[in-house]
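# Summary of the model geometry
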Amino acid sequence: MVTNYTEEIVIEKAQNTKITDVDFANIAFGRVFTDHMFTCDFEDGKWQIPKITPYQAMSIEPSARVFHYGQAVFEGMKAYKDADDNVFLFRPDQNFARINKSAARLAIPEFPENYFFKGLETLLNLDKNWIKSGLGNSLYIRPFVIATEPAISASPAATYRFIIICSPAKAYYNQPVRVLFARKYSRSADGGVGFVKAAGNYAAQFYPTSLAQQKGFQQIIWTDASTHKNLEEAGTMNIFFRINDKLITAPNNDRILDGVTRKSVIQLAADLNIDCEVRPVSVHEIKTAAKEGDLKEIFGAGTAAVISPVSAFGHADDVFDLPQLDNSYAMLFKEKLMHIQHNLAEDKHGWRYEVK
Ligand code: COI
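This text gives an overview of the structure that appears in the document.

Procedures and definitions
Residues numbered from 1 in each chain as written. Predicted model: local features only at pLDDT ≥ 70, side-chain atom pairs only at ≥ 80, totals over all residues. Heavy atoms only, no water. Near = heavy atom within 4 Å. Polar contact = N/O pair within 3.5 Å; in protein donor to acceptor, adjacent residues only side chain to side chain. Areas by Shrake-Rupley, 256 points an atom, 1.4 Å probe, with all protein chains shown as cover. 1 Å grid on protein atoms, 1.4 Å probe; cavity = no way out; pocket = protein on both sides within 12 Å on 5 of 7 lines; lining within 4 Å. Sits in = over half its atoms within 2 Å of the grid points. Nonpolar A, V, L, I, M, F, W, Y, C, P; charged D, E, K, R; others polar. Buried < 20%, exposed > 50% of the residue type's maximum accessible area, 1.4 Å probe, protein only. Helix = DSSP H or I, 4+ residues; strand = E, 2+ residues; numbered from the N terminus. Pairing = 2+ DSSP bridges. Right-handed = clockwise from strand over helix to strand, strands pointing away. Expected span 1.5 Å × (residues − 1). Bend = angle between axes of the 7 residues up to and from the residue. Contact = heavy atoms within 4.5 Å. Points joined across faces, edges and corners; volume = space filled by probe spheres on them. Axes fitted to C-alpha atoms, helices over the stretch in contact; angles between N-to-C directions. Parallel < 35°, antiparallel > 145°, perpendicular 65-115°, else oblique. Core = buried A, V, L, I, M, F, W, Y, C linked by side-chain atoms within 4.5 Å.

As a further point, take the site of the ligand. Around the ligand, the surrounding shell consists of Phe74, Gly76, Tyr140, Arg142, Tyr172, Lys197, Thr236, Thr303 and Ala304. Here an oxygen atom of the ligand sits 2.5 Å away from a polar atom, N or O, in the side chain of Tyr140. Considered on its own, the ligand offers 280 Å² of accessible surface; in the complex 90% of this is hidden by protein. The cavity that encloses the ligand is the largest pocket. A breakdown of the residues in the shell around the ligand according to their chemical character gives four nonpolar, three polar and two charged.

Shown next, in the form of structure tokens:
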């Protein structure tokens, strides 16, 4: 149960804005942050009064458990602006539910719903000028929780900090990505934390991904940890395969992140009468389809990545280039999603959330 809290947010506004220094046309993902941040500490068994302050460095003891045991979870969300300067979030209820699911798995106390939404909306109103209108522009929002207790025994902390920072964003991948199917390393295992957004899930991918990059691939498609036969997700995004006119994506399990963009694509496919099978998909099936010319597309789906087409995949000594289609499903879903997000299309599932 997530308790609701009643205290007002304490706000300290930034004296100056940094926005004039930002080149919004050439923005690299996740490097520039807005003027304000939201923080809320968990102490004495409860979440304390939340604060919004100027974005700033924090002082945390080196013994804080997050530095030693990675007790940290996060979310990725985006805010969008329409042509009339109205601000929208996309399915924020899903992110709220997921950060608390992640928190529960990492033995972190749940965060109250009203603090999450009030905090987000107040922060977005203060930093509204950082959200640019126009398709392809967004403000990436990173809520996260870290264990702050200064103690290095390996057990859950007694104190935490919930933080929200925001960063203006364009595309995560500027070009179609080349992906390598994993044969040795794994991202997650049954009974593990792959299904939640634990910080360590991402760090564990950096080394194998750097090996893949040396071979000319940008990302790894992770396979199941026990057999490496089934294709699961790409780490920064969930993954879809198109064989002829049929879409296939792996079912959620302990090892796969329950992606908001993934589930939105599955729903949009149903709306568009595109056959989408949610079932295990094997390396063998995809290689066979590629050899026979039936594999039309692979694309990733995620908040940061939106919909990112794959240009080629590698497995063992084989590399397959994918055709470039004029009428790709990837572009169709990307356009449909972006139009809903930017208030340019009907929102029949109630996914848009207006920030007042
Ligand atoms: C997101 O898509 O929001 C993520 O958290 C992925 C991250 C690697 C940027």
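Okay, the pairing of strand E11 (residues 219-223) next. Burial runs high along E11: five of the five residues are buried. The two faces of E11 match: Gln219, Ile221 and Thr223 on one face and Ile220 and Trp222 on the other face are all buried. Where strand E10 (residues 177-181) and E11 come together, three bridges link them in parallel fashion. Within E11, the residue paired with Val179 across the bridge is Gln219. On the question of chirality, the crossover connecting E10 to the parallel E11 by way of helix H4 (residues 199-214) is right-handed. Across two bridges, E11 lies against strand E12 (residues 231-233) in antiparallel orientation. Note that in E12 the partner of Thr223 across the bridge is Leu231.

Turning to H4, a few remarks are in order. In this model, H4 (16 residues) spans 24 Å end to end at C-alpha, consistent with the 22 Å of a helix rising 1.5 Å per residue. At Phe206, H4 shows its largest kink, close to 35 degrees, and the proline Pro208 lies no more than four residues downstream. Where H4 is concerned, the buried positions are Asn201, Tyr202, Gln205, Pro208, Thr209 and Ala212. Buried residues in H4 make contact with strand E5 (72-74), E10 and E11. One or two steps after H4, the chain reaches Gly216, where phi turns positive at roughly 95 degrees.

In this approach a probe as big as a water molecule rolls over the atoms, and the regions it shows empty are the leftover space. Here the largest pocket is characterised by a volume of approximately 830 Å³. Every residue lining the largest pocket is counted, 35 residues in all, and those nearest its centre are Arg142, Tyr172, Tyr202, Gly235 and Thr236. Tallying contributions element by element places H4 first for the lining of the largest pocket, with eight residues. Counted by class, the lining of the largest pocket contains 17 nonpolar, 14 polar and four charged residues.

A few words on the packing of helix H5 (residues 260-271) against helix H7 (residues 329-341). Viewed as axis vectors pointing N to C, H5 and H7 meet at an angle of 105 degrees, and their least axial separation amounts to 11 Å. Judged by the angle between their axes, H5 and H7 are roughly perpendicular. Listed contacts from H7 to Thr261, Ser264, Val265, Leu268 and Ala269 of H5 are Phe333, Lys336, Leu337 and Ile340. For the contact of H5 with H7, the residue count by class is six nonpolar, two polar and one charged.

On to the side chain of Asp258, then. Looking at the secondary structure, you find Asp258 in the loop between strand E14 (246-249) and H5. Look at Asp258 and you get buried, because its relative accessible area is 19%. Of note is the side chain of Asp258, whose polar atom sits 3.0 Å from the side chain of Asn252. For Asp258, the contacting residues outside a window of four places in its chain are Arg98, Lys101, Phe195, Asn252 and Lys263.

Moving on: the nonpolar core. The biggest cluster of nonpolar side chains holds 53 residues, and the ones touching the most others in it are Phe38, Trp47, Phe116, Leu124, Ile141 and Phe162. Those elements that place two or more of their residues in this core are strand E2 (36-43), E5, strand E6 (77-81), strand E7 (87-90), helix H2 (92-105), helix H3 (113-126), strand E8 (138-147) and strand E9 (160-169). If we skip the residues at most four places from it in the chain, Leu124 touches Ala79, Leu89, Ile131, Leu139, Ile141, Cys166 and Val355. Ranked by size, the runner-up nonpolar core spans 23 residues in total, among them Tyr173, Ile243, Ala305 and Leu322.

Following the sequence through the fold, Lys263 ends up in helix H5. Residue Lys263 is classed as partly exposed on the basis of its relative accessible area of 24%. Separated by 112 residues in sequence, Lys263 and Ala151 place their C-alpha atoms 39 Å apart. For Lys263, the residues in contact, after removing those within four places along its chain, are Arg91, Gln94 and Asp258.

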